[in-house]
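Secondary and tertiary structure notes
In case you want the letters, here they are:
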Amino acid sequence: MVGIALFMASLDNLIVTTALPSIREELHTDVEGLEWTVNGYTLTFAVFLMIASAVADRFGRKRLFAVGLAIFTGSSALAALSSSIETLITARVIQGLGAAIVLPLTLTMLSAAFPPEKRGAALGAWGGIGGLAVALGPLAGGVVLNNLSWSWIFWINVPIGIVLLALIPGWLTESHGPSTKLDLVGTLLAGLGMLGLVLGMVRAGERGWTDGQIVASLAAGVLFFAAFVWWEARTPTPMLPLRFFRSATFTAANLASLFMYFGMFGVVFLITQYLQTVQGASPLGAGVKMLTWTGMTLLAAPVSGILSDRIGGKPIVAAGLFLQAAGILYLAVVVSPTASYAVLIPGFIANGLGMGLYYGPVANLVLGSVGRAEEGIASGANNAIRELGGVFGIAVLASIFTAEGGYGSAQSFTDGLAPALWVGTAVVMLGGVSALFIKSRPAAQATGAPAGPAAEPVKEAAGRPGGAVLTEIEI
């Protein structure tokens with residue numbers, strides 16, 4: 001069940017990118033409207049991720065999973081019924097709230113169902129499902145748009161969501177996190193900090209990075225996050241225990257996630273439009289062409305998860321990010337108004353394999369760096385950081401694209417695309433460098449709770465399979 005929910009929510013992100021040219025024409029919008037169509041979803045998704053995880057730990061993961069799924073399903077119907085870009089963006093904002101509740105809980109509940117020594121394979125399968133959604137997103141969008149209107153990319157979520165809601169009572173059991181008290185102050189500060197940063201990044205594409213409102217929004221986000229850190233260091237029941245960041249693995253893996261999602265969302269946002277706007281592919285044709293990229297992700301993700309149980313996740317994640325950076329660099333060199341699809345294939349394959357190598361192990365690294373009872377908090381933090389990277393990637397690369405080029409001609413589009421890809425390359429390369437700082441451990445330890453010279457014991461929450469087991473936090 002959690003796999004289907006993960007697939008539905010993940011598919012929604014990339015299926016929308018294929019529909020962007022159709023949405024631009026039918027709803028008479030520009031690149032700013034398209035950015036908001038993608039980032040309106042990502043905005044609420046990023047803002048509410050850690051909040052939703054904390055609330056779920058307090059009031060019940062099964063209960064919040066059902067609430068999030070209902071919100072996602074209802075807002076998908078609203079998006080499908082949209083007749084203006086404003087209504088569509090509103091629906092996407094609500095959809096992001098539902099996804100913020102659902103996605104981290106799929107990882108937390110799946111992790112709880114498997115012992116540490118088998119978790120790498122399970123999370124590899126989780127990554128494979130995400131990879132399958134990535135692979136089928138552009139293709140599914142193309143199939144829908146080739147035969148129906150763009151609104152059907154949202155309608156397909158509705159029956160799936162209804163079926164899952166009907167199955168939840170009998171298929172899932174309730175569980176809670178370790179804390180019995182909700183950190184209301186921390187929740188508010190984190191939400192306001194994320195809102196300031198993400199809103200500033202999203203609007204920077206239309207107003208410019210030096211605009212007074214953008215600077216004020218970003219500054220407010222930084223200040224709220226500084227207050228959040230100050231509060232979390234002092235409250236006895238923190239929303240995000242700062243001791244997590246004493247773990248080199250937790251910190252480095254999250255930095256790698258931030259930079260990887262910057263590259264993935266920013267580059268895919270532009271490349272799917274390049275295939276249609278410059279190369280003249282139909283939405284279906286663009287989806288089929290993207291399979292040389294996304295199909296490699298589908299193949300590599302499950303294998304990388306299994307390998308992480310044997311050799312550890314660090315070398316796999318680092319190799320994946322460096323391979324993805326090489327793929328983006330290749331595309332930056334070869335894109336032109338006359339480039340054929342065949343010329344792009346090596347870059348697509350490198351990107352797909354690199355993303356697949358990243359997906360499975362990184363989740364295992366993040367969850368393995370904290371106690372099992374606190375995996376919900378860690379999962380929410382990791383997802384929030386990843387989505388912040390995605391928002392930043394789209395905002396920055398779209399700003400570069402509009403500053404250097406535009407939709408006026410094939411040459412203009414390429415003039416904007418190439419420098420954006422160069423920046424994407426540099427950022428993903430930073431992700432690979434970050435992965436090198438992940439603390440190496442024997443493969444047998446890589447999937448369990450990390451051991452350290454000054455480990456802090458944490459009891460598992462009641463109601464968790466396997467009873468009260470002691471795990472450790474790496475110092």
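Computed from a predicted model, the values in this text were never measured in an experiment.

The number of helices and strands found in the protein chain is 16 helices and two strands. By the burial criterion, 61% of the 475 residues in the protein chain qualify as buried. Partitioning the contacts of the protein chain with sequence separation of at least 6, the portion at a separation of at least 24 is 82%. Of the roughly 16400 Å² that the protein chain leaves accessible, carbon and sulfur atoms contribute 70%.

Remark: helix H11 (residues 283-311) packs on helix H12 (residues 314-334), axes separated minimally by 10 Å, with the N-to-C direction vectors making an angle of 160 degrees. Classified by the angle their axes make, H11 and H12 are roughly antiparallel. For the pair formed by H11 and H12, the contact residues are Trp293, Ser304, Leu307, Ser308 and Ile311 on the first element and Pro315, Ile316 and Leu331 on the second. Considering only residue class, the contact of H11 with H12 consists of six nonpolar, two polar and no charged.

The next thing to look at is the confidence of the model for the protein chain. Detailed conclusions should not be drawn from predicted coordinates in areas where pLDDT is low. Scored by pLDDT, the protein chain has a mean of 80; 85% of the residues are at 70 or more. Per-element confidence in the protein chain is highest for H12, whose mean pLDDT is 94, and lowest for strand S2 (residues 470-473), whose mean pLDDT is 28. Note that pLDDT drops below 50 for residues 442-475; the model gives that stretch 83 contacts with residues more than four away or on any other chain.

Owing to its 3.6 residues per turn, the α-helix aligns residues three or four sequence positions apart on the same side. Taking 1.5 Å of rise per residue, 21 residues should cover 30 Å, and helix H9 (residues 212-232) covers 30 Å from first to last C-alpha, within 8% of that figure. Burial in H9 covers these residues: Ile214, Ser217, Leu218, Gly221, Phe225, Phe228 and Glu232. Down the axis of H9, the smallest arc covering the buried residues is 90 degrees, so these residues share one side. Summarising the geometry of H9, the exposed residues directed more than 90 degrees from the buried face are Gly212 and Leu223. Put simply, aspartate 211 is the residue that caps the front of H9, since its side-chain oxygen is 2.9 Å from the backbone nitrogen of glutamine 213.

Moving on, we get to the environment of glycine 141. Structurally, the position occupied by glycine 141 is in helix H5 (residues 116-147). Taking the C-alpha atoms as reference points, glycine 141 and alanine 19, separated by 122 residues in sequence, lie 6.5 Å from one another.

Turning our eyes to something else, we now look at the side chain of asparagine 157. For asparagine 157, the position within the fold is in helix H7 (residues 157-171). Take asparagine 157: its relative accessible area is 2%, and that puts it in the buried class. Polar contacts involving the side chain of asparagine 157 include one to the side chain of serine 76, which spans 3.2 Å. If sequence neighbours within four positions are ignored, asparagine 157 has contacts with Met8, Asp12, Phe72, Thr73, Ser76 and Gln95.

The next subject is the packing of aromatic side chains. The relation between two aromatic rings is expressed through the spacing of the ring centres and the mutual angle of the planes. Under the defined criterion, the tally for this structure stands at 12 aromatic pairs. Centre to centre, the rings of phenylalanine 401 and tyrosine 407 are 5.5 Å apart; their planes meet at 70 degrees, and the pair counts as edge-to-face. An aromatic cluster of three or more residues is present, and its members are Tyr274, Phe401, Tyr407 and Phe413. Here arginine 24 stacks its cationic end above the ring of tyrosine 407, 4.5 Å away from the centre of that ring.

Viewed as axis vectors pointing N to C, H12 and helix H15 (residues 410-435) meet at an angle of 165 degrees, and their least axial separation amounts to 8 Å. When the axes of H12 and H15 are compared, the pair comes out roughly antiparallel. The interaxial crossing formed by H12 with H15 has left-handed handedness. Between H12 and H15, the residues in contact are Lys314, Val317, Ala318, Leu321, Phe322, Gln324, Ala325, Ile328, Leu329, Leu331, Ala332 and Val333 and Ala418, Leu421, Trp422, Gly424, Thr425, Val428, Met429, Gly431, Gly432, Val433 and Ala435, respectively.

The subject of this paragraph is the environment of tryptophan 230. By the element assignment, tryptophan 230 lies in helix H9. Looking at tryptophan 230, the relative accessible area reads 48%, which means it is partly exposed. C-alpha separation for the pair tryptophan 230 and glycine 186, spaced 44 residues apart in sequence, amounts to 9.6 Å.

Counting residues in hydrophobic clusters, the biggest one holds 135 residues, and the most contacted among them are Phe65, Tyr274, Trp293 and Phe348. It is helix H10 (residues 248-277) that contributes the most residues to this core, 17 residues altogether. Discounting chain neighbours no more than four positions away, the residues touching tyrosine 274 are Gln279, Val335, Ser336, Ala339, Leu344, Phe413, Thr414 and Leu417.

The next subject is a nonpolar patch on the surface. Where nonpolar side chains cluster on the molecular surface, the patch consists of Met429, Val433, Leu436 and Phe437 and spans about 380 Å² of accessible area. Within the secondary structure layout, leucine 436 lies in the loop between H15 and helix H16 (443-446). Residue class for leucine 436 comes out partly exposed when judged on its relative accessible area of 44%.

In a regular helix each residue adds 1.5 Å, so 30 residues correspond to 44 Å; helix H14 (residues 375-404) covers 43 Å between its end C-alpha atoms and thus fits that length. Of all 30 residues in H14, 25 are buried; the element is thus mostly enclosed.

Further remarks concern the environment of leucine 365. Note on placement: leucine 365 falls in helix H13 (residues 341-368). In this structure leucine 365 comes out as buried when scored by relative accessible area, which is 5%. Excluding its chain neighbours within four sequence positions, the residues that come into contact with leucine 365 are Thr249, Ala253, Gly313, Lys314, Val317 and Ile438.

What follows is about the side chain of threonine 414. Mapped onto the elements, threonine 414 comes out in helix H15. On the basis of relative accessible area, threonine 414 is assigned to the buried category, the value being 5%. Residue contacts for threonine 414: discarding those within four places in its chain leaves Tyr274, Val278, Val335, Ser336, Pro337 and Pro419.

Parameters and conventions
- Numbering of residues starts from 1 in every chain and runs along the sequence as written.
- Selection of residues for local features in this predicted model requires a pLDDT of at least 70, selection of side-chain atom pairs for listing and counting requires 80 or more, and totals for whole chains, interfaces and linings are taken over all residues.
- Hydrogens and water molecules were not included; the side-chain quantities draw on all heavy atoms of the structure.
- In DSSP terms, a helix is any run of H or I states spanning at least four residues, a strand is any run of E spanning at least two, and both are numbered starting from the N terminus.
- Remark: exposure states derive from per-residue accessible area (1.4 Å probe, protein chains only) relative to the maximum for the residue type, with buried under 20%, exposed over 50%, and partly exposed in between.
- When checking whether two residues touch, look at their non-hydrogen atoms; a contact exists if any pair is within 4.5 Å.
- For accessible areas, the Shrake-Rupley method is used with a probe of radius 1.4 Å. Any residue's cover is judged against the shown protein chains and nothing else.
- Note on geometry: axes are C-alpha line fits, over the in-contact stretch for helices, and angles between N-to-C directions span 0 to 180 degrees.
- These descriptions rest on fixed angle ranges, namely under 35 degrees for roughly parallel, over 145 for roughly antiparallel, 65 to 115 for roughly perpendicular, and the rest for oblique.
- The residue classification treats Ala, Val, Leu, Ile, Met, Phe, Trp, Tyr, Cys and Pro as nonpolar and Asp, Glu, Lys and Arg as charged. All others, Gly included, are polar.
- Every residue carries a pLDDT, the predictor's confidence in it, which falls somewhere between 0 and 100.
- Multiplying one less than the number of residues by 1.5 Å gives the expected span of a helix.
- It is the directions from the helix axis to the C-beta atoms that the arc portrays.
- Identification of polar contacts relies on pairs of N or O atoms within 3.5 Å, with a donor-acceptor requirement for protein atoms, meaning one able to donate a hydrogen and the other able to accept it, and with residues adjacent in sequence counted only if both atoms are side-chain atoms.
- Between rings of Phe, Tyr and Trp, where Trp is taken as its six-membered ring, a pair exists when centres lie within 6.5 Å; planes separated by under 30 degrees are stacked, by over 60 edge-to-face, and by other angles tilted.
- Think of it as a cone above the ring: NZ of Lys or CZ of Arg counts as a charge over the ring if it is within 6 Å of the ring centre and within 35 degrees of the ring normal.
- For a crossing to be left-handed, the near helix must be turned anticlockwise from the far one by less than a right angle; the clockwise case is right-handed.
- Residues enter a nonpolar core if they are buried and are Ala, Val, Leu, Ile, Met, Phe, Trp, Tyr or Cys, with the set joined through side-chain atoms within 4.5 Å.
- Distance thresholds for patches are 9 Å for like charges and 5 Å for nonpolar side chains (Val, Leu, Ile, Met, Phe, Trp, Tyr), applied to residues having over 30% relative accessible area and no salt bridge.
- By salt bridge we mean one thing: a side-chain nitrogen of Lys or Arg within 4 Å of a carboxyl oxygen of Asp or Glu.

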